[in-house]
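Chain residues, written in single-letter form:
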Amino acid sequence: AQTVTQSQPEMSVQEAETVTLSCTYDTSESNYYLFWYKQPPSRQMILVIRQEAYKQQNATENRFSVNFQKAAKSFSLKISDSQLGDTAMYFCAFKNAGNMLTFGGGTRLMVKP
Amino acid sequence: EAQVTQNPRYLITVTGKKLTVTCSQNMNHEYMSWYRQDPGLGLRQIYYSMNVEVTDKGDVPEGYKVSRKEKRNFPLILESPSPNQTSLYFCASRGGAGWRLNEQFFGPGTRLTVL
């Protein structure tokens, strides 16, 4: 079974600064997908960014980028130019080639003005 | 608008009183699933369905039932709810071709409290 670990339960960052959220996973599979989801106070789950394991290039979506280290089984999320609206719970998730989507425990991010 | 809907959004009930949380998607997705979210544990999969009349257990299926009689609907049934089922529940669906097949669309969540 896959496991996903987010070692930072809570983080804070000043507005306009950069913050990196950590995620590690454990799997024996070679073909899989990784995601970061954002959950604001509204509780809606919003897909932030995704990465396919076979792609070496790190995914980027505007101010959000990932550092995917396949050998180290690490998938960190970098948020640049942090905004107050980035305040949320962030979940890292792993999906194998089958039907299971496994989530980490989440990191609560607070962006301070 | 493509979406996953859940009802009710909030529910307070008592131990042992059967309840159903409905989930519906309008994207013609084959795959649907239910998750529960608990502090520090992230989201854990309860049940999933690959298509009509095809369901399977996820990580935490005990105390739950599901059915998939129509492609768009995937209700979650708690036959005899207990306080340890107090949680935030999410329904999700995915489908389409290529990469889209792997992207989950989540409903707005249902906050359930069992007294």
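Asks: In this structure, what is going on with the overall build of chain B? I would like to understand it.
Replies: For chain B, the helix and strand inventory stands at 0 helices and 11 strands. For chain B, the α and β elements follow one another from N to C terminus as β-β-β-β-β-β-β-β-β-β-β. The C-alpha atoms of chain B give a radius of gyration of 14 Å, which matches the 13 Å a tight globule of 115 residues would have. The C-alpha extent of chain B, read off along each of the three principal axes, is 45 × 30 × 25 Å. Out of the 115 residues belonging to chain B, those deemed buried represent 51%. At a minimum sequence separation of 6, the contacts of chain B that also span at least 24 residues come to 54%. Carbon and sulfur atoms make up 52% of the accessible area of chain B, which amounts to about 5,400 Å² in all.

Asks: Sorry if this is basic, but what is going on with the side chain of R36 of chain B here?
Replies: Residues and elements named next belong to chain B. Following the sequence through the fold, R36 ends up in strand β4 (residues 31-38). Taking relative accessible area as the criterion, R36 reaches 9% and is therefore assigned buried. A polar side-chain atom of R36 sits 2.8 Å from a polar atom in the side chain of D38. Other than its neighbours up to four places away in sequence, R36 contacts G42, L43, R44, I46, V60, Y64, N84, Q85, T86, S87, L88 and Y89.

Asks: Teacher, can you tell me more about the sheet that holds strand β3 (residues 19-25) of chain B here?
Replies: Sheets are built from strands paired through backbone hydrogen bonds, the pairs being either parallel or antiparallel. Strand order in the open sheet formed by 4 strands is β1-β3-β8-β7 (chain B), with antiparallel pairing between adjacent strands. Across the chains shown, the open sheet's two edge strands, defined by having one partner strand only, are β1 (4-7) and β7 (65-66) of chain B.

Asks: How do you make sense of the interface of chain A and chain B when you look at a structure like this?
Replies: A common way to state how big an interface is: give the accessible area lost once the parts meet. Across the contact, 19 residues belong to chain A and 26 residues belong to chain B. Three residues, R43, N99 and M100 of chain A, lead the burial of chain A against chain B; their summed loss comes to 33% of the area buried on that side. At the junction of chain A with chain B, the criterion picks out 1 salt bridge. With its nearest N and O atoms 2.5 Å apart, the salt bridge here joins E103 of chain B to R50 of chain A. Linking chain A with chain B are 3 residue pairs in polar contact (both at pLDDT 80 or more), by the criterion used here.

Asks: Even after reading the chapter, I still don't get the pattern of salt bridges, so can you show me in this structure?
Replies: Think of it this way: side chains of opposite charge can pair up when their charged atoms draw near. Residues and elements named next belong to chain B. Inspection of every chain in the model, using the stated rule, returns 9 salt bridges over all chains. Note that R44 and D38 form a salt bridge whose closest N and O atoms lie 2.8 Å from each other. A residue is classified by how much of its surface remains accessible, and R44, at 24% relative accessible area, is partly exposed.

Asks: Explain the nonpolar core to me, please; I cannot follow it from the model alone.
Replies: Soluble, globular proteins show a tendency: their nonpolar side chains are buried together. Y25, W36, F75, L77 and Y90 of chain A are the most contacted members of the largest nonpolar core, which totals 25 residues. If you tally residues by element for this core, the top one is strand β10 (residues 88-95) of chain A, at 4 residues. Residues M32, I46, V66 and L112 of chain B belong to the second largest nonpolar core, which totals 19 residues.

Asks: I would appreciate a short explanation of the packing of aromatic side chains in the present structure.
Replies: The geometry of an aromatic ring pair is captured by two quantities: the separation of the ring centres and the angle between the planes. Evaluation of the coordinates by the stated rule reveals 15 aromatic pairs over all chains. With a centroid separation of 5.8 Å and an interplanar angle of 45°, the aromatic rings of Y37 of chain A and F103 of chain A are classed as tilted. Separated by 66 residues along the polypeptide, Y37 of chain A in strand β5 (residues 33-39) and F103 of chain A in strand β11 (residues 101-103) bring together distant segments of the chain. As far as burial versus exposure is concerned, Y37 of chain A and F103 of chain A are alike and both buried. When the centroid spacing of 6.2 Å and the interplanar angle of 90° are considered together, the rings of F90 of chain B and F106 of chain B count as edge-to-face. Here F106 of chain B lies in strand β10 (residues 105-106) and F90 of chain B lies in strand β9 (residues 87-94), a separation of 16 residues in the sequence. Taken individually, F90 of chain B and F106 of chain B each receive the classification buried, so the pair is uniform in this respect. Aromatic ring contacts, followed pair by pair, group F35, Y37, F91 and F103 of chain A together with Y35, F90 and F106 of chain B into a single cluster. Lying over the aromatic face of F74 of chain B, R68 of chain B brings its terminal NZ or CZ to 6.0 Å of the ring centre. Of note, R94 of chain B hangs over the ring of Y31 of chain B, and the distance from its end group to the ring centre comes to 3.8 Å.

Here is what the cut-offs are and how they apply
Residues numbered from 1 in each chain as written. Chains lettered and ligands numbered in written order. Predicted model: local features only at pLDDT ≥ 70, side-chain atom pairs only at ≥ 80, totals over all residues. Heavy atoms only, no water. Helix = DSSP H or I, 4+ residues; strand = E, 2+ residues; numbered from the N terminus. Rg over C-alpha atoms; globule rule 2.2 N^0.38 Å. Buried < 20%, exposed > 50% of the residue type's maximum accessible area, 1.4 Å probe, protein only. Contact = heavy atoms within 4.5 Å. Areas by Shrake-Rupley, 256 points an atom, 1.4 Å probe, with all protein chains shown as cover. Polar contact = N/O pair within 3.5 Å; in protein donor to acceptor, adjacent residues only side chain to side chain. Pairing = 2+ DSSP bridges. Buried area = accessible area lost by both parts, 1.4 Å probe. Salt bridge = Lys/Arg side-chain N within 4 Å of Asp/Glu carboxyl O. Core = buried A, V, L, I, M, F, W, Y, C linked by side-chain atoms within 4.5 Å. Phe/Tyr/Trp six-rings, centres within 6.5 Å; stacked < 30°, edge-to-face > 60°. Lys NZ or Arg CZ within 6 Å of the ring centre and 35° of its normal.

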